[in-house]
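The primary structure of each chain is shown beneath.
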Amino acid sequence: MKVLILGSGGREHALAWAVKRSSRVTQVVCAPGNGGMAQIARCAPVDLKSLSAMVRLAEAEKPDLTIVGPELPLSLGIVDELQQRGLRVFGPTRAAAMLESSKGFAKRFLQRHNIPTPNYAVCSSSDEVEKAIEIFHPPIVVKADGLAAGKGVIICDSRNTAAEAAHGLFTGALLGTSEQQLVIEEFIEGDEISFLCLSDGKHVTPLVPAQDHKRIGEGDTGPNTGGMGVYSTDSLLDPAMSEWILHYIAVPTVEGMAAEETPFTGVLYCGLMMTARGPQVLEFNARFGDPETQAILVRLESDLIDVLDACVDGRLADTPLRWSSGASACVVASSGGYPGSYKNGLPITGLAAAAQVPGVQVFHAGTAQVGGQIVTAGGRVLGVTAAADSLDQALARAYQAMAEISFEGMYYRRDIGHRALKGKS
Ligand code: GLY
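Details of helix 6 (residues 103–112)
Moving on, step 1. Listed as buried for helix 6 are Lys103, Gly104, Ala106, Lys107, Phe109 and Leu110.
Moving on, step 2. Check the buried side of helix 6 and you find it contacts helix 5 (98–101), strand 6 (120–123), strand 7 (140–144), strand 9 (182–186), helix 9 (239–259) and strand 17 (278–285).
Moving on, step 3. Positioned one or two residues after helix 6, asparagine 114 has a phi angle of 55 degrees, which is positive.

Concerning the packing of aromatic side chains
Moving on, step 1. Per the stated rule, a full pass over the model turns up six aromatic pairs.
Moving on, step 2. With a centroid separation of 6.1 Å and an interplanar angle of 35 degrees, the aromatic rings of phenylalanine 90 and phenylalanine 288 are classed as tilted. One end of the pair, phenylalanine 90, is in strand 5 (residues 89–90); the other, phenylalanine 288, is in the loop between strand 17 and helix 10 (292–297), with 198 residues separating them in the sequence. For the pair phenylalanine 90 and phenylalanine 288, a shared accessibility class is recorded, and that class is buried.

Points about a negative patch on the surface
Moving on, step 1. Taken together, the side chains of Asp127, Glu128, Glu130 and Glu134 make up a negatively charged region of the molecular surface.
Moving on, step 2. Within the secondary structure layout, glutamate 134 lies in the loop between helix 7 (126–133) and strand 7.
Moving on, step 3. Assessed through its relative accessible area of 52%, glutamate 134 is described here as exposed.

Overview of the site of the ligand
Moving on, step 1. Surrounding the ligand, one finds Asp212, Lys214, Gly226, Tyr269, Asn285, Arg287, Gly289, Asp290, Pro291 and Glu292.
Moving on, step 2. Within the side chain of aspartate 212, an N or O atom sits 2.7 Å from a nitrogen atom of the ligand.
Moving on, step 3. At 2.9 Å from an oxygen atom of the ligand is found a main-chain nitrogen or oxygen belonging to aspartate 290.
Moving on, step 4. Surface burial for the ligand is 90%, taken as the share of its 200 Å² of free accessible area covered by protein chains.
Moving on, step 5. Its residues placed into classes, the shell around the ligand shows two nonpolar, three polar and five charged.

Topic: the side chain of serine 334
Moving on, step 1. If you trace the backbone, serine 334 turns up in strand 18 (residues 327–334).
Moving on, step 2. The exposure class of serine 334 is buried, given its relative accessible area of 0%.
Moving on, step 3. Excluding its chain neighbours within four sequence positions, the residues that come into contact with serine 334 are Ile216, Met228, Gly379, Arg380, Val381, Phe407, Gly409, Met410 and Tyr411.

Observations concerning the sheet that holds strand 15 (residues 229–233)
Moving on, step 1. Spatially, the five strands line up as an open sheet ordered 12-15-18-22-19, and their pairing is antiparallel. Where the open sheet ends on each side, the last strands, each with one partner, are strand 12 (211–212) and strand 19 (360–364).

Describing the environment of histidine 364
Moving on, step 1. Tracing the chain through its elements places histidine 364 in strand 19.
Moving on, step 2. In this structure the C-alpha to C-alpha distance between histidine 364 and threonine 376, which are twelve residues apart in sequence, comes to 9.6 Å.
Moving on, step 3. Residues contacting histidine 364, with those up to four places away along its chain left out, are Gly9, Gly10, His13, Asn34, Gly35, Gly36, Gln39, Leu351, Ile374, Val381 and Leu382.
Moving on, step 4. Within the local environment of histidine 364, its side chain forms a polar contact with the side chain of threonine 367, the two groups lying 3.0 Å apart.

Comments concerning a nonpolar patch on the surface
Moving on, step 1. Taken together, the side chains of Val153, Ile155 and Phe187 present a nonpolar region at the surface, about 240 Å² in accessible area.
Moving on, step 2. Relative to the assigned elements, isoleucine 155 resides in strand 8 (residues 153–156).

A closer look at the pairing of strand 9
Moving on, step 1. In terms of burial, strand 9 is largely enclosed, as five of its five residues are buried.
Moving on, step 2. Every second residue of strand 9 is oriented toward a common face, with Leu182, Ile184 and Glu186 on one face and Val183 and Glu185 on the other, all of them buried.
Moving on, step 3. Where strand 6 lies against strand 9, four bridges are found, and the strand directions are antiparallel. The partner of tyrosine 120 across the bridge, within strand 9, is glutamate 185.
Moving on, step 4. Bridge count between strand 7 and strand 9: five bridges; the pairing is antiparallel. Following the sheet pairing, lysine 143 is matched in strand 9 by valine 183.

Digging into the packing of helix 7 against helix 8 (residues 159–171)
Moving on, step 1. Helix 8 packs onto helix 7 with a crossing angle of 155 degrees between their chain directions and a minimal axis gap of 10 Å. Between helix 7 and helix 8, the interaxial angle falls into the category roughly antiparallel. Both helix 7 and helix 8 take part in a crossing whose hand is right-handed. Contacts from Ser126, Val129, Glu130 and Ile133 of helix 7 reach helix 8 at Arg159, Ala162, Ala163, Ala166, His167 and Phe170.
Moving on, step 2. The residue inventory of the contact of helix 7 with helix 8, partitioned by class, reads six nonpolar, two polar and two charged.

Overview of the sheet that holds strand 3 (residues 42–43)
Moving on, step 1. A sheet is described by the order of its strands in space; here five strands give the open sequence 3-2-1-4-5, paired in parallel fashion. Only two strands of the sheet have a single partner each, and these edge strands are strand 3 and strand 5.
Moving on, step 2. Strand direction decides the pairing type here: strand 1 (residues 2–7) and strand 4 (residues 65–68), joined by four bridges, are parallel. What sits directly across from isoleucine 5, in strand 4, is isoleucine 67.
Moving on, step 3. Across the sheet, helix 1 (residues 10–20) is in contact with strand 1, strand 2 (27–32) and strand 4; its angle to strand 1 comes to roughly 170 degrees.
Moving on, step 4. Sheet contacts for helix 11 (residues 304–313): strand 1, strand 4 and strand 5; angle to strand 4, the most-contacted strand, approximately 90 degrees.

Thoughts on the side chain of arginine 287
Moving on, step 1. As for its position among the elements, arginine 287 is in the loop between strand 17 and helix 10.
Moving on, step 2. A relative accessible area of 12% means that arginine 287 is categorised as buried.
Moving on, step 3. For arginine 287, the side chain forms a polar contact with the side chain of asparagine 285, separated by 3.4 Å.
Moving on, step 4. Other than its neighbours up to four places away in sequence, arginine 287 contacts Arg11, Gly69, Pro70, Glu71, Leu74, Glu100, Val267 and Tyr269.

The rules behind each value
Numbering of residues starts from 1 in every chain and runs along the sequence as written. Where local features are concerned, this predicted model is filtered to residues with pLDDT of at least 70; where side-chain atom pairs are given and counted, the filter is 80 or more; whole-chain, interface and lining totals use all residues. The side-chain quantities take in all heavy atoms of the structure and omit both hydrogens and water. Here's how the labels work: a residue is buried when its accessible area is under 20% of the maximum for its type, exposed when over 50%, partly exposed in between, all with a 1.4 Å probe on protein chains only. The numbering of helices and of strands both runs from the N terminus, where a helix is a DSSP run of H or I of at least 4 residues and a strand a run of E of at least 2. We call two residues in contact whenever any of their non-hydrogen atoms come within 4.5 Å of each other. Paired rings are identified among Phe, Tyr and Trp, the last through its six-membered ring, by centres lying within 6.5 Å, and are further divided according to the angle between planes into stacked (under 30 degrees), edge-to-face (over 60) and tilted (the rest). The patch calculation keeps residues exceeding 30% relative accessible area without a salt bridge and links them within 9 Å when they carry like charges or within 5 Å when they are nonpolar (Val, Leu, Ile, Met, Phe, Trp, Tyr). Every accessible area reported is derived by Shrake-Rupley at a probe size of 1.4 Å, with residue values counting cover from the shown protein chains alone. Only one rule defines a salt bridge in this text: a Lys or Arg side-chain nitrogen within 4 Å of an Asp or Glu carboxyl oxygen. Counting rule applied: Lys, Arg positive; Asp, Glu negative; His and chain ends not counted. In this description, the location of a charge corresponds to atom NZ of lysine, CZ of arginine, CG of aspartate or CD of glutamate. Here a residue counts as near a molecule or strand whenever at least one of its heavy atoms sits within 4 Å of it. Polar contacts, as used here, are pairs of N or O atoms within 3.5 Å; protein pairs need one atom able to donate a hydrogen and one able to accept it. Residues neighboring in sequence count only if both atoms are side-chain atoms. Three categories are distinguished: nonpolar for Ala, Val, Leu, Ile, Met, Phe, Trp, Tyr, Cys and Pro, charged for Asp, Glu, Lys and Arg, and polar for the others, with Gly belonging to the last. Two strands pair under a simple rule: DSSP has to find at least two bridges between them. In this description, a line fitted to the C-alpha atoms serves as the axis of each element, helices being fitted only across the stretch in contact, and the angle between N-to-C directions of two axes falls anywhere from 0 to 180 degrees. Throughout this description, any angle smaller than 35 degrees is read as roughly parallel, any larger than 145 degrees as roughly antiparallel, any in the 65 to 115 degree range as roughly perpendicular, and the remainder as oblique. Crossings are classed by handedness, with left-handed meaning an anticlockwise turn of the near helix from the far one by less than a right angle and right-handed meaning a clockwise turn.

Set out below in structure tokens:
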């Protein structure tokens, strides 16, 4: 099989690594890829913002399966385009990906299907925002409707700041593009869980649960990022709670999408808050998480290609997944200054020594290969990932490997897994 992977982050490096383990795969093409993917696959340049460029590439490469990593190509309709050309592709159609690409669509969908989610109002003008925020108690959450690369959620401690945030989203002052609508949402508290499932449009199979660390600073402080580290262990969710989430959140979502004639095929990422009144859906993503995928795939014992094939072909119910019973952790090394501005092109050392630590995979995110040297090329640079029998051991291995790696300004959180280790999860 020839497999094309669209994307250039740590998630896509982990997907390429898992795909390459399949005995059925003879060729992997990553587009555009990164410095790490270039070491295990052929990389082909492509602009992930250009639907026509991605379609041209797929038509030229003729892969047996295309795996779409990031949300932007899904929201542009890459799956629809490739399906129309008879190409097999893993991921949701443009209409199904609206669960991620429009927060307003997702909230209304959740309400229509009685799936638990915080109270909300969808507003398309500052006047509507003024009226809506009267019925919410601060703090109030203001969310951009569209894709915002993790920057579209603003938690406001007063009605005035909520109105200002909404104004900034409508005018484009906050994100650079003007939002046509936004979501005002009740603020809720609890532990966040990433509950990712596979779906073939009918059946739902959960992956192992994970917990992300979105803030840049230790102790979950400072600005939000794309994710600074993640861990996965079965004790994150007991079997009864997993079953509840599957039954009352994931299955009704897939059934609801099918009933509305926009069947969802791909990864349904349920971003949940575990609250005193039960799990609530904070958001959906229509794709694998990053860095969740890195920690999840090192625990997958099944052949990833068999699993993704089963999704594409509608055979997921007959394809059970096998997992290692231990734990995993992924610690992200970022460029100094991230999530603000940072330098690119800085040489990275110690990668080979890090990869020698037992159970460790160093997944590249923002890296490039220049001559024989791997250099930084993004905010999140590496996801140092380890699997082990216990979470303590997985974290120890990831941090041992991280200690081998160095580049100017390198930053990483030293407290990944802290909520689990305090026994709070
Ligand atoms: N880790 C958060 C995300 O993938 O959106």
